[in-house]
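# Remarks on the overall topology
The residues making up each chain are set out below.
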Amino acid sequence: MSMRKLVMAVIGLLAAPAHSDERLDHLLSLGLEELMAMEVSISTSTPQPLSRSPAAVNVITAEDIRATGATNLVDVLEGVPGIYVRASQFGDRPLLHLRGANAGQTLLMVNGVPMKDLLWGFGIYWKGLPASMIERVEIIRGPGSALYGADAGAGVINVITKTAGRIEYNEAGLRAGSHDSQAGWLQYGGHWGGFDVGLTAEVSGTDGYDPYIRADRLGGAGWAGYGWRNTDLRLGVARGNWHLHADYMRHADLETGLTGAGVLDPLTRGRDSRYSLDLLYDNDCYADDWSLSAALHYANLDYSSGAGFQESPPSLADPDGVINRQRAAERRLNVEASGLYTGLAGHAVRVGAGLVWQNLYAVRQVYDSVDLTDTPAAFAPEKMRRIDYLFAQDVWTLAEDWELTAGARYDHYSDFGGTLNPRLALVWQGSDRLTTKLMYGQAFRAPSYQELYSRTSFTLPNADLKPERSRTWDLAFNYAATSDLRLGLDIFHFVQRDLIAATGKPSQFHNGGRHAIRGIELEAHWQATATLRLAGNYTLRWQDDGPYRIYAVPEREAYLRADWAFRPGWNWNLQANWIGARPRPAGDARDPADAYTVVDTTLRHGAGKHWEFAASLRNLLDADAYAYTGAAIADDLPLPGRSLYAEVRYKF
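A few points on the structure. Bear in mind the structure is a predicted one, so any value in this text is a computation, not a measurement. (Residues numbered from 1 in each chain as written. Predicted model: local features only at pLDDT ≥ 70, side-chain atom pairs only at ≥ 80, totals over all residues. Heavy atoms only, no water.)

## Considering the overall build of the protein chain
Summing up its helical and strand segments, the protein chain has seven helices and 41 strands in all. Whereas a compact globule of 652 residues would reach a radius of gyration of roughly 26 Å, the protein chain reaches 24 Å, a difference of no more than 12%. Summarising its shape, the C-alpha atoms of the protein chain cover approximately 75 × 60 × 55 Å along the three principal directions. Here the protein chain holds 652 residues, and 54% of them are scored as buried. Across the protein chain, contacts joining residues at least 24 apart in sequence account for 63% of those joining residues at least 6 apart. One way to put it: in the protein chain the 62 positive side-chain charges average out to a point 2 Å from where the 76 negative ones average out. (Helix = DSSP H or I, 4+ residues; strand = E, 2+ residues; numbered from the N terminus. Rg over C-alpha atoms; globule rule 2.2 N^0.38 Å. Buried < 20%, exposed > 50% of the residue type's maximum accessible area, 1.4 Å probe, protein only. Contact = heavy atoms within 4.5 Å. Lys, Arg positive; Asp, Glu negative; His and termini not counted. Charge placed at Lys NZ, Arg CZ, Asp CG, Glu CD.)

Right, here's the structure in full:
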């Protein structure tokens, strides 16, 4: 879409009649007391009021997301205290850092199902999730392995989708904007033959913002292409105690821009697909004092580099350059059952067990015209991992204003053995205004197949690796200064050990030393008037200076947000995200990466009962912002400048 057409769309939005829309007015209709009373399940697997959940929890609703104009989960998370979203040079892939830890310590789930694969984390071409399919996001800042198993040392993000029985209205929408970006989506909720049915679908694409790289690792210069296309389809069917989710997501024509080694790659057009089927059973009255939950989850992920990754450019000596063609697929099957017993006065005891099978198959690789398929030199082996796990948890009401949560989970992996991870949380409702939480938890990250089995030109695997482990203490305070002002303070101490890193010559993965991170997370929410809400947070972290420090993560971050319903049917949102300076490790002679502030704004208007229009400006002030990279990219990775988006929604 041309800039002229976008400007005309904004003018049309501003000129539209000012009729009130009840759904748009709802953006500010919940008071702070109602928000704190909202029930969440991420911290115990049982619904509890947000204010008394035994963890540092944040909840982001669909209304919050809509007000900001966010189009992707990545945009949504940038305002959460303790979360830093970093763009990777490879494919502009978003990396989710919680509390200063490596992105591998963040567990991402969709409807309680982990998205982690055996090789690449969330998937080699992971690009987040469309905001149109999100009902809400629940976040634990802190360990979650006692409930959810591996990869939850720094925190857990659970995306709850719009599905059967949850979609309150039907909607179709279109969006267009800078970088030739377009999207169309649909959500439908209804009843058919005695079944609740829910459907969300989105098709989108962008040419990408394509930053200019003045010098890559080999000294080359050029534009890093970051275009991609996405299809996301999600169907839910429910009846009684049964729910069925069928999801499909596909990326195509995905440009990686730069290789992981920092070489410009104009060749790659990657593709992947993920489809999953989840069958859920929940019965709150299964027997006297018992509720029962059971789940069967199946997922298949496949990915291909297409024509291949261009590891080095063409030259006189090598006219084709070095081309690395890769393809692989993975299946995941998970069976789980748990029961909640409430027959003991003051106790809610949950016990459960599950099995997971993960199978990497169809591995294909041709490197520099040499077929490595079915050889030990291939980028990954075809292997299966089995995980058996047991968990138990007791939420014990010690007194009217005291509650103790104690639990543990034991996981046994077929490739490295077992690990036990406990948690304790004491919640004191000291008064109507003050809630105090003291929390302790242990967590782990399982070694990936890359670390265990994959030989590359840079590293050697180590089949004897053990999991990374961590321990975290949290002391948190939630204070209602008035009915309109809420304050939060979380002080944490996060210690990791047995961290996995490649060391030695030749470089091989080993379990190494210890790393500690201490920090403070501050939050404030103020309902200044009936039509104006202000919110903000500030994060300060101190990391040990050592070989395991993540220098790409800033020590300080701040976020401010304002929502103003200045007229019936109108809402103006303003956000400012400040990222502090990031130092360089020893041996990197570059200057520290500068601090920057990105300001975004969205104007939204509900025209009558059916139509809604919005316009968003991202990086309103056109700030020079850079994502931290290794020394291979001397100037770091430029982030998008000012960009404009307009959208229209029709509700029916």
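## Observations regarding the sheet that holds strand β7 (residues 113-114)
The strand order across the open sheet built from five strands is β3-β8-β9-β6-β7, with neighbouring strands paired in mixed fashion. Edge positions in the open sheet fall to β3 (57-61) and β7, since each of these has one partner strand only. Judged from the seven bridges that link them, strand β8 (residues 134-141) and strand β9 (residues 155-161) form a sheet pairing that is antiparallel. If you follow I140 over to β9, its bridge partner there is V156. (Pairing = 2+ DSSP bridges.)

## Thoughts on a nonpolar patch on the surface
There is a patch of nonpolar side chains on the surface, built from W242, L244, L277, L279, L296, L333 and V335 and spanning about 550 Å² of accessible area. Elements with a minimum of two residues in the nonpolar patch: β16 (242-254), β19 (270-287) and β22 (322-341). Relative to the assigned elements, L277 resides in strand β19. Judged by its relative accessible area of 45%, L277 is partly exposed. (Patch = residues over 30% accessible without salt bridge, like charges linked within 9 Å, V, L, I, M, F, W, Y side chains within 5 Å. Areas by Shrake-Rupley, 256 points an atom, 1.4 Å probe, with all protein chains shown as cover. Salt bridge = Lys/Arg side-chain N within 4 Å of Asp/Glu carboxyl O.)

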